[in-house]
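Close look at the chain arrangement
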Amino acid sequence: MNATLKQPPIRPTEEFVTTSQAEQARQMCEVVLNARAYSRVGQITGDPGTGKSSVTQWLNDEFSGIRIECWAGMGRKHMLQELLKAYDARFNVTMPLTGSANTLFQRMKDVENLNGLLIIADEANHLTWNTLESLRGLSDRGAGVILAGTGVLSRTLNLPQVQIYTAQIRQRIGAKHIIMKPVGNADELAAYVLAPRFTALTKAGARKFHEETGGNWRTAIGLADACERLMINENIDKFDQHVVATAAAWLAENS
């Protein structure tokens, strides 16, 4: 097998696969946006690689919302600046980014389209409780807020030393919580990841693919890319267990 594999054609970003979990997340967003006042917060959690970021990008487009990606150490002011920039990009307005965190919070609270706007904070597990509280404040002004992150997010909201401060945001989330999990079986994973790419699939290939990825969404996408490159490079027509094993070995050697 050649050391360098040819790249498959670039896939358009709109080729999002609407899994059952993605559909559940979409329904939750509808519930959040239509919830009574002071109840418009939802949560998406899951281990790394379970597809949270892909789902939040899709949800952002579906609901014409604004989405930010949080980072380790992101403070309240930086988060609010990112929200204002995302709002600017969505509605083509110019929002000043100067001033204190309190000034920026007031500016965000007063934007014209806040009521009914979906706000998604991806990687929200990086945020401290007081920064999360700012997002809760925006939900109280009519925005729908989705907090997406790893299980660290839930632990942050339930830390004994801050429970008194996070009680309001936890009450607003309530049961509006989707937990992203690895895809449970070979047939489901094949339907979502393999069928859109490969026309000739074998059962053994699908089982081997699920075995190699463990149903992890990110790993599955990476392995499917490698399988596609291998099949193009070697002029292979049928996706089977040998293709999966070879592609997985190539990924392991080059990781």
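One can find the structure itself at the top, above this paragraph.
Each chain carries its own residue numbering, running from 1 in the direction its sequence is written. At least 70 in pLDDT is required for a residue's local features to be given in this predicted model, at least 80 for side-chain atom pairs to be given and counted, and no such filter applies to totals for whole chains, interfaces and linings, which use all residues. Side-chain figures throughout are based on the complete set of non-hydrogen atoms in the structure, without hydrogens or water.

A look at the side chain of Lys 52
Our working definition: Think of it this way: any DSSP run of H or I at least four residues long counts as a helix, any run of E at least two long counts as a strand, and we number them from the N terminus. Burial classes: relative accessible area under 20% of the type maximum marks a residue as buried, over 50% as exposed, and values in between as partly exposed (1.4 Å probe, protein chains only). Positive charges are assigned to Lys and Arg, negative charges to Asp and Glu, while His and the chain termini are left out of the count. By convention in these notes, a salt bridge is any Lys or Arg side-chain nitrogen within 4 Å of a carboxyl oxygen on Asp or Glu. Pairs of N or O atoms within 3.5 Å make up the polar contacts considered here, provided that, within protein, one atom can donate a hydrogen while the other can accept it, and that residues adjacent in sequence are counted only when both atoms are side-chain atoms. Here a residue-residue contact requires only that any non-hydrogen atoms of the pair lie within 4.5 Å.
Here Lys 52 is to be found in helix H2 (residues 52-62). Salt bridges are absent for the buried Lys 52, whose nearest opposite-charge side chain, Glu 123, sits at 5.7 Å. In this structure the side chain of Lys 52 is engaged in a polar contact, spanning 3.2 Å, whose partner is the backbone oxygen of Asp 47. Leaving out residues up to four positions away in the same chain, Lys 52 has contacts with Ile 44, Thr 45, Gly 46, Asp 47, Gly 149, Thr 150 and Met 180.

With respect to the pairing of strand E1 (residues 41-46)
Threshold: Strands pair, by our definition, only if DSSP identifies at least two bridges between them.
Counting buried positions along E1 yields six of six residues, so the element is predominantly enclosed. Burial along E1 is two-sided: Val 41, Gln 43 and Thr 45 and Gly 42, Ile 44 and Gly 46, pointing in opposite directions, are all buried. Where E1 lies against strand E4 (residues 144-149), five bridges are found, and the strand directions are parallel. Residue pairing for E4: Thr 45 is matched across the bridge by Gly 149. In this structure, E1 lies alongside strand E5 (residues 177-180), joined through four bridges in parallel fashion. Its bridge partner lying in E5, Gln 43 is registered against His 177.

Points about the nonpolar core
Selection criterion: Residue types Ala, Val, Leu, Ile, Met, Phe, Trp, Tyr and Cys, when buried and joined through side-chain atoms within 4.5 Å, form a set referred to as a nonpolar core.
By size, the foremost hydrophobic cluster in this structure holds 32 residues, and its most contacted members are Leu 83, Met 108, Ile 119, Leu 132, Leu 135 and Leu 147. Looking at this core element by element, the count peaks at six residues for helix H3 (residues 76-91). Contact partners of Leu 135, with chain neighbours within four places excluded, come to Met 79, Leu 83, Ile 119, Ala 121, Leu 127, Val 145 and Leu 147. Listed in part, the 23 residues of the second largest apolar core include Ala 190, Phe 198, Ala 206 and Ala 248.

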